[in-house]
Amino acid sequence: MLSSNLYYRRFFPYWVYNIVAGIDNEGKGAVYSYDPVGSYQRESYRAGGTASAIIQPLLDNQLGYKNQSNVDPTPLTRERVRDMVRDIFAAASERDIYTGDEVENQYY
């Protein structure tokens, strides 16, 4: 569906970076990032858009445990993820005028 929407205009495609997330066949979270020419990569987490320079270091620290020592990477609860998403987008919207002031999240 993503491919059809973005590349149906073959001679002038949309130049956007996309992130698609969901659950794979094994019940694990799956995040795929796509570049403007259609290449994709599965990743543990990813930020995109104008605030990606603000959000990605926060994700690296909180989810990837980068630049931290003596930390036990424990699985995150749903509530912790919800709070983290809210806080990260609030920080990004305060510092990047293109991010906007509203985020709508849906959790199932």
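What counts and how
Residues numbered from 1 in each chain as written. Predicted model: local features only at pLDDT ≥ 70, side-chain atom pairs only at ≥ 80, totals over all residues. Heavy atoms only, no water. Core = buried A, V, L, I, M, F, W, Y, C linked by side-chain atoms within 4.5 Å. Buried < 20%, exposed > 50% of the residue type's maximum accessible area, 1.4 Å probe, protein only. Helix = DSSP H or I, 4+ residues; strand = E, 2+ residues; numbered from the N terminus. Contact = heavy atoms within 4.5 Å. Axes fitted to C-alpha atoms, helices over the stretch in contact; angles between N-to-C directions. Parallel < 35°, antiparallel > 145°, perpendicular 65-115°, else oblique. Left-handed = near helix turned anticlockwise from the far one by under 90°. Nonpolar A, V, L, I, M, F, W, Y, C, P; charged D, E, K, R; others polar. Pairing = 2+ DSSP bridges.

> Residues and numbers for the nonpolar core, please.
Counting eight residues, the largest nonpolar core consists of Tyr45, Ala47, Ala51, Ile55, Leu59, Met84, Ile88 and Ala92. A total of three residues in this core trace back to one element, the largest contributor, which is helix H3 (residues 78-95). The contact partners of Ile88, leaving out residues within four places of it in the chain, are Ile55, Leu58 and Leu59.

> Tell me about the packing of helix H2 (residues 52-62) against H3, and name the residues and values.
Two elements in contact, H2 and H3, have axes whose closest approach is 9 Å; the angle formed by their N-to-C orientations is 150 degrees. Judged by the angle between their axes, H2 and H3 are roughly antiparallel. When you trace H2 past H3, the crossing you get is right-handed. Along the contact surface, H2 presents Ile54, Ile55, Leu58, Leu59 and Gln62, while H3 presents Arg80, Met84, Ile88, Phe89, Ala92 and Arg95. Of the residues belonging to the contact of H2 with H3, the class tally is eight nonpolar, one polar and two charged.

> Explain the sheet that holds strand E1 (residues 18-23) to me, and be specific about the residues and the numbers.
The strand order E1-E2-E3 describes an open sheet built from three strands, whose pairing is antiparallel. Across the chains shown, the open sheet's two edge strands, defined by having one partner strand only, are E1 and strand E3 (40-43). Put simply, the sheet's adjacent strands are angled 25 degrees from each other on average, direction ignored.

> Tell me about the pairing of strand E2 (residues 29-34), and please be specific about residues and values.
Bridge analysis of E1 against E2 gives six bridges, and the strand direction is antiparallel. The residue bridging Gly22 from the neighbouring strand is Ala30, located in E2. Here E1 folds back onto E2 in antiparallel fashion, the turn holding five residues, of which Gly27 has a positive phi close to 85 degrees. Note that E2 and E3 share four bridges and pair antiparallel. Bridge assignment links Ser33 to a residue of E3, and that residue is Gln41.

These figures capture arrangement, not role.
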